[in-house]
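Observations on chain architecture
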Amino acid sequence: MKWICSVSLAVSLAIQPAFAEDLFGPHALTPEARDAFVTQLLKKMTLDEKIGQLRLISVGPDNPKEAIREMIKHGQVGAIFNTVTRPDIRAMQDQVMQLSRLKIPLFFAYDVIHGQRTVFPIPLGLASSWDLDAVAQVGRISAYEAADDGLNMTWAPMVDVSREPRWGRVSEGFGEDTYLTAEMGRTLVKSMQGKSPADRYSVMTSVKHFALYGAVEGGRDYNTVDMSPQRMFQDYLPPYKASLDAGSGGVMVALNSINGVPATADSWLLKDLLRKQWKFKGITISDHGAIKELIKHGVASDPQDAVRIALKSGVDMSMSDEFYSKYLPGLVKSGAVSEQEIDDAARHVLNVKYDMGLFNDPYSHLGPKGSDPVDTNAESRLHRPEARDVARKSIVLLKNRLETLPLKKAGTIAVIGPLADSQRDIMGSWSAAGVIKQSVTLLQGIKNVAADKATILYAKGANVTDNKGIQDFLNIYEKAVTVDPRPPQQMLDEAVATAKKADVVVVAVGEAQGMAHEASSRSDITIPPSQLALLRALKATGKPLVIVLMNGRPLALVSEDQYADAMLETWFSGTEGGNAIADVLFGDYNPSGKLPVSFPRSVGQIPIYYNHLPTGRPYNFEKPNKYTSHYYDAANGPLYPFGYGLSYTRFTVSPVTLSANTLTRNGSINASVKVTNIGQRDGATVVQLYLHDQTASISRPVKELKGFKRIMLKAGESQTVTFPIDVNALKFWNQQMQQVAEPGKFDVMIGLDSVRTQNTEFSYQ
């Protein structure tokens with residue numbers, strides 16, 4: 001890793017006006033010193049200056065840089081996002097330091113979701129690694145590159161648990177499971193913030209979207225959520241809490257409503273829960289334009305009312321609208337909002353700026369002008385080896401009939417499909433400052449790995465979709481999808497002719513990255529008809545067919561599973577995706593990824609998730625009965641279960657042994673299995689621990705993930721894997737909303753996915 005040793009250079013006090021000297025210079029980064037400093041600063045600020053701190057401005061057509069600089073001069077801006085180069089950031093900070101009265105620094109933020117300049121796999125792919133060390137490395141590199149661009153904050157991680165594959169933003173999260181999402185979120189917060197967000201190569205995180213955004217009805221973005229308190233606290237809130245306990249300085253408020261109350265207007269959520277119960281001390285930030293949207297939600301009568309509700313509900317900073325600056329002065333004057341409430345919000349903003357070290361050095365993530373990179377997009381700024389390694393770990397082997405994979409680096413290989421040579425799509429959504437031309441496609445990766453030993457042929461075969469309406473939708477804001485103008489049959493014929501010349505066909509199909517993005521909800525989660533036609537035609541050639549999936553959500557893949565001799569889930573794997581996929585295809589890397597979401601057989605099964613509640617009439621696969629909970633017109637259960645993923649080797653798991661059969665209130669027990677690699681290749685796998693409360697005061701899930709360990713075993717090697725279990729693993733929120741662990745019997749299930757497990761039980765007293 002190319003960590004660059006650098007000493008942050010403070011702005012010389014000699015060039016600052018005398019009245020600003022007491023604001024800058026060394027400050028102890030302790031809560032006590034911060035509180036005293038901010039209290040004194042607030043006393044010096046006018047009401048307009050305090051309100052100005054609550055405004056977060058996006059650089060764009062509505063707010064050109066020239067207009068923003070004028071706002072900065074008059075103290076009307078507290079922070080900026082969507083500016084990602086040092087010269088631009090420096091120019092705006094200069095406006096503060098040279099022209100504003102109190103010279104309160106700006107902070108700069110951006111959507112660094114899965115990398116800044118080096119693009120890593122989308123978060124759903126990161127979760128597929130089940131590798132917290134790899135995820136921590138992604139966090140450290142992402143923070144390094146973001147800070148090296150002058151940024152102070154990222155709108156990440158997204159820890160919205162989602163069991164809704166129709167939702168486009170499922171690609172930004174870590175899947176359907178509470179425990180796995182919490183571990184991923186906690187890891188990213190710690191790795192991105194480091195020891196302190198004030199450090200030269202750390203950034204502050206802003207956990208999103210608070211709260212429950214992943215549970216929107218019908219998977220439609222921006223939609224409503226209606227949820228019981230038990231499910232909320234058991235399944236959806238823990239990842240936010242884990243990320244905040246890890247130290248995240250920011251929280252982005254969700255766009256959805258919760259039980260009829262928009263999150264932006266929910267004082268219970270933002271004050272009672274977040275600040276009083278959870279003791280959060282950082283900053284809350286609205287999502288883009290959310291305060292205006294309170295009018296359309298139907299809880300605010302006009303813009304002034306929306307501002308009053310949002311501020312009094314606990315929204316500190318308004319993202320990308322003018323409402324706070326426009327209406328708060330009048331609301332204070334009329335008494336509808338108190339100046340103390342303004343002070344509270346401004347204090348939170350100033351607190352995070354202090355924690356970012358900006359009052360010590362407003363240019364701490366910029367350095368002197370002479371240190372700016374000559375080429376912002378220089379290849380030397382990327383971390384390619386790390387990206388390739390993490391991408392390989394994120395790939396899931398779904399099928400491998402008769403050991404079709406790994407491929408031999410010999411003969412003729414046909415690489416086909418609309419996603420096989422797309423530099424844009426392999427990066428995925430929210431690819432930050434990643435440069436399209438720097439990404440490696442699947443076709444290029446295969447050539448890099450095997451072209452010196454095999455003949456590589458290529459044909460596009462089909463467009464991602466032939467639906468003109470969807471093509472136009474995907475290209476609204478950028479030329480995201482290139483549409484080949486040739487007739488579909490001509491492209492298909494070319495692909496078939498290419499396949500017939502080959503010994504094996506590798507076909508890349510799935511979604512364009514824009515199909516798995518914000519505002520990209522889908523009612524149909526199958527592969528588009530143009531690509532299905534391509535798969536059918538290639539299958540008819542009789543050549544071995546390897547399907548490489550690129551997508552940002554679980555897809556319904558019943559036909560694809562039947563067509564494929566082998567199938568890899570690669571998600572959108574980032575800058576080095578093509579090389580990483582090729583490494584797996586040719587066996588230079590043995591796949592070890594596991595699914596963080598269940599894959600349904602059809603959209604009609606949604607929601608389908610592994611940790612569902614039992615029913616009084618459960619379906620029995622071995623002895624089907626009409627009057628049980630099932631669909632009569634399709635196979636029941638997911639096509640691919642949560643935690644599933646194959647390898648080029650085989651592993652066995654021994655029966656579970658317990659260190660004791662009874663768990664006492666203040667004790668713990670160990671559950672152990674011996675895992676053996678009985679195949680011919682070295683390989684890694686993920687051992688997963690699930691628990692089930694057999695009898696409780698309310699129904700408990702049929703199983704819940706409570707631990708996992710990724711292990712590497714040489715061929716023939718065995719390793720004993722041990723999971724400690726204590727009372728915290730047994731707790732749940734009961735009908736009275738008390739978090740309890742009730743005495744009784746508990747099933748212990750350990751395996752390599754959520755279905756095939758070794759089981760035993762213990763008692764809790």
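What you see is a predicted model; the values in this text were computed from it and never measured.

What counts, and at which threshold
Residues numbered from 1 in each chain as written. Predicted model: local features only at pLDDT ≥ 70, side-chain atom pairs only at ≥ 80, totals over all residues. Heavy atoms only, no water. Buried < 20%, exposed > 50% of the residue type's maximum accessible area, 1.4 Å probe, protein only. Helix = DSSP H or I, 4+ residues; strand = E, 2+ residues; numbered from the N terminus. Pairing = 2+ DSSP bridges. Right-handed = clockwise from strand over helix to strand, strands pointing away. Expected span 1.5 Å × (residues − 1). Arc of directions from axis to C-beta. Contact = heavy atoms within 4.5 Å. UniProt positions renumbered as here; feature names shortened; annotations may be inferred. Phe/Tyr/Trp six-rings, centres within 6.5 Å; stacked < 30°, edge-to-face > 60°. Lys NZ or Arg CZ within 6 Å of the ring centre and 35° of its normal. Axes fitted to C-alpha atoms, helices over the stretch in contact; angles between N-to-C directions.

Right, let's talk about the pairing of strand β1 (residues 55-58) for a bit. Burial along β1 is two-sided: the residues R55 and I57 and L56 and S58 are all buried. Pairing of β1 with strand β2 (residues 79-81), which is carried by three bridges, proceeds in the parallel orientation. Following the sheet pairing, L56 is matched in β2 by A79. Handedness of the crossover is the feature at issue here: the chain leaves β1, passes through helix α3 (residues 65-73), returns alongside β2, and the resulting connection is right-handed.

Before going further, it helps to spend a moment on helix α1 (residues 31-44). What sets the pattern is the α-helix's 3.6 residues per turn: residues three or four places apart point alike. For α1, with 14 residues, the first-to-last C-alpha span of 20 Å sits near the 20 Å given by 1.5 Å per residue. Along α1, the residues that are buried comprise R34, F37, V38, L41 and L42. Within α1, the buried residues cover an arc of 135° as seen down the axis, which keeps them to one side. Seen from the open side of α1, the exposed residues pointing more than 90 degrees away from its buried face are E32 and K43. Contacts made by the buried residues of α1 are with α2 (47-52) and α14 (339-355).

Residues annotated in UniProt with the feature "domain: Fibronectin type III-like" (unreviewed entry) correspond here to residues 685-754. Helix makes up 0% of residues 685-754 and strand 57%, and the two end C-alpha atoms of the span are 14 Å apart.

What follows covers the packing of aromatic side chains. Given two aromatic rings, their pairing is described by the distance between the two centres and the angle made by the two planes. In this structure the tally under the stated criterion is 21 aromatic pairs. Here Y610 and Y690 contribute two aromatic rings whose centre-to-centre distance is 5.5 Å and whose plane-to-plane angle is 75°, an arrangement assigned as edge-to-face. With Y610 in the loop between α22 (577-585) and β17 (651-653) and Y690 in strand β21 (residues 683-693), this pair connects stretches of sequence that are 80 residues apart. Taking relative accessible area as the criterion, Y610 reaches 8% and is therefore assigned buried. Put simply, the rings of W130, Y179, Y610, F642, Y690 and F708 pair up and form one aromatic cluster. Residue placement shows K208 over the ring face of W430; its charged tip is 5.7 Å from the ring centre.

Attention now moves to the sheet that holds strand β10 (residues 318-319). Overall, parallel pairing links the eight strands, which are arranged β9-β6-β5-β4-β3-β2-β1-β10 in an open sheet. Only two strands of the sheet have a single partner each, and these edge strands are β9 (283-285) and β10. Pairing of β1 with β10 involves two bridges; the strand directions are parallel. Bridged to L56 within β10 is M319. Packing against the sheet, helix α10 (residues 267-277) makes contact with β5 (204-210), β6 (250-253) and β9, and its axis sits at approximately 130° to β5.

For strand β14 (residues 504-510), the tally of buried residues reaches seven of seven residues, placing the bulk of the element in the interior. Along β14, one buried face is formed by V504, V506, A508 and G510 and the opposite face, lined by V505, V507 and V509, is buried too. Where strand β12 (residues 412-416) and β14 come together, four bridges link them in parallel fashion. If you follow I416 over to β14, its bridge partner there is V507. In this sheet, strand β15 (residues 545-550) lies alongside β14 in parallel orientation, the contact comprising six bridges. From the neighbouring strand, V506 faces β15, where its bridge partner is V546. Regarding the hand of the β-α-β motif, the stretch spanning β14, helix α20 (residues 529-539) and β15 is right-handed.

Attention now moves to unusual backbone geometry. H209 follows K208 through a cis peptide bond whose omega is -10°. Inspection of the secondary structure puts H209 in strand β5. The residue after L405, namely P406, is reached through a cis peptide bond having omega 0°. You can see P406 is positioned in the loop between β11 (396-400) and β12.

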